[in-house]
Amino acid sequence: VKNAVRERLGRTNAESEEIARFIDLMPDRYFLTVPENDIVTHFEIMRALSEGRPLVCRHRAFPDLEFAEFIVATPDQPGLFAKIAGALTANNLNILSARITTRGDGVALDVFRVSLGIGGLGLEADRWLRVEQDLERVLKGEQDISELVATAVRNPLGGRKFVRKTPTEVTVDNRSSEQFTVVDVFSPDRVGLLFTITQTFFELGYIIHLARISTSADQALDVFYISDAHGEKVVEPAAMRRLRAALLERLD
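These remarks concern the structure in this document.

Conventions and cut-offs
Residues numbered from 1 in each chain as written. Predicted model: local features only at pLDDT ≥ 70, side-chain atom pairs only at ≥ 80, totals over all residues. Heavy atoms only, no water. Phe/Tyr/Trp six-rings, centres within 6.5 Å; stacked < 30°, edge-to-face > 60°. Buried < 20%, exposed > 50% of the residue type's maximum accessible area, 1.4 Å probe, protein only. Helix = DSSP H or I, 4+ residues; strand = E, 2+ residues; numbered from the N terminus. Axes fitted to C-alpha atoms, helices over the stretch in contact; angles between N-to-C directions. Parallel < 35°, antiparallel > 145°, perpendicular 65-115°, else oblique. Left-handed = near helix turned anticlockwise from the far one by under 90°. Contact = heavy atoms within 4.5 Å. Nonpolar A, V, L, I, M, F, W, Y, C, P; charged D, E, K, R; others polar. Core = buried A, V, L, I, M, F, W, Y, C linked by side-chain atoms within 4.5 Å.

## Side note on the packing of aromatic side chains
- One pass over the structure, following the stated rule, counts eight aromatic pairs.
- Relative to Phe31, the ring of Tyr30 has its centre 5.2 Å away and its plane inclined at 85°; by these criteria the two rings are edge-to-face. Per residue, the accessibility class of Tyr30 equals that of Phe31, and both read buried.
- Taking the centre distance of 5.4 Å and the plane angle of 75° together, the rings of Phe81 and Phe112 count as edge-to-face. You can see Phe81 sitting in helix H5 (residues 80-90) and its partner Phe112 sitting in strand E4 (residues 107-115), a full 31 residues away along the chain.
- Overall, Phe112 belongs to the buried group, its relative accessible area being 0%.

## Focus: the packing of helix H1 (residues 2-10) against helix H2 (residues 16-25)
- Closest axis-to-axis distance for the H1/H2 pair is 10 Å, and the angle between their directions is 150°. Viewed along their axes, H1 and H2 adopt a mutual orientation that is roughly antiparallel. Classified by chirality, the crossing of H2 by H1 is right-handed. Of H2, the residues touching H1 (which contributes Lys2, Val5, Arg6, Leu9 and Gly10) are Ile19, Phe22 and Ile23.
- Among the residues forming the contact of H1 with H2, the class breakdown is five nonpolar, one polar and two charged.

## Considerations on the nonpolar core
- Within the largest apolar cluster, 52 residues are counted, with the highest numbers of intra-cluster contacts made by Phe70, Leu88, Phe112, Phe201 and Phe224.
- In this structure, Ile39, Phe43, Ala48 and Val107 belong to the second largest nonpolar core, which totals 22 residues.

Right, dumping it as structure tokens:
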């Protein structure tokens, strides 16, 4: 796969050293899970970031598939996943899936798919501009993400009414992965769900290394591979209980 990507990128105006660095720094999992066409787009985005910009965002809509993609490249920082999810939530965009990747040099490339929404919210250029502006202020420390989301939630026009249909289920599993604790969250979907989960992880001091976000009808099954701040699994029974209880409390 890497050889095919190298050949594909070689047809751009990029130097061979740039291409080699990109391929060397991206984790193997990235090349096994991302289509080659998307890899070319991601390469160009990360090239733009290397020009000294602290944040590069791109969005593209797929009306036939009823979703839009929001791509963010920026140096990683604690709580980055929650901050991006919060900026999308604050602008009434419902996240359908997410893929997070961190390069060997600490640069994050996060891709979020969001529903186009009623009336085509995900097609509005002004809305995406607000998302980028909000995210930039949050990453600079000029805006607290929780306050930004809370303000949007208090706005009666900011989102749809949430009606619970099935109970939320949370499992904390240390058997499925040798390296990480795996947390499964099964919950009715609604705007702000992913932000609530990821912000809870951040506030408890846990790091998200991999996430699998999926939505079917009005149900979400989100899987997170996490560690503590030292890169270790969450193995203490009391800590596992606190994590599960915190997620259930926030989601309820």
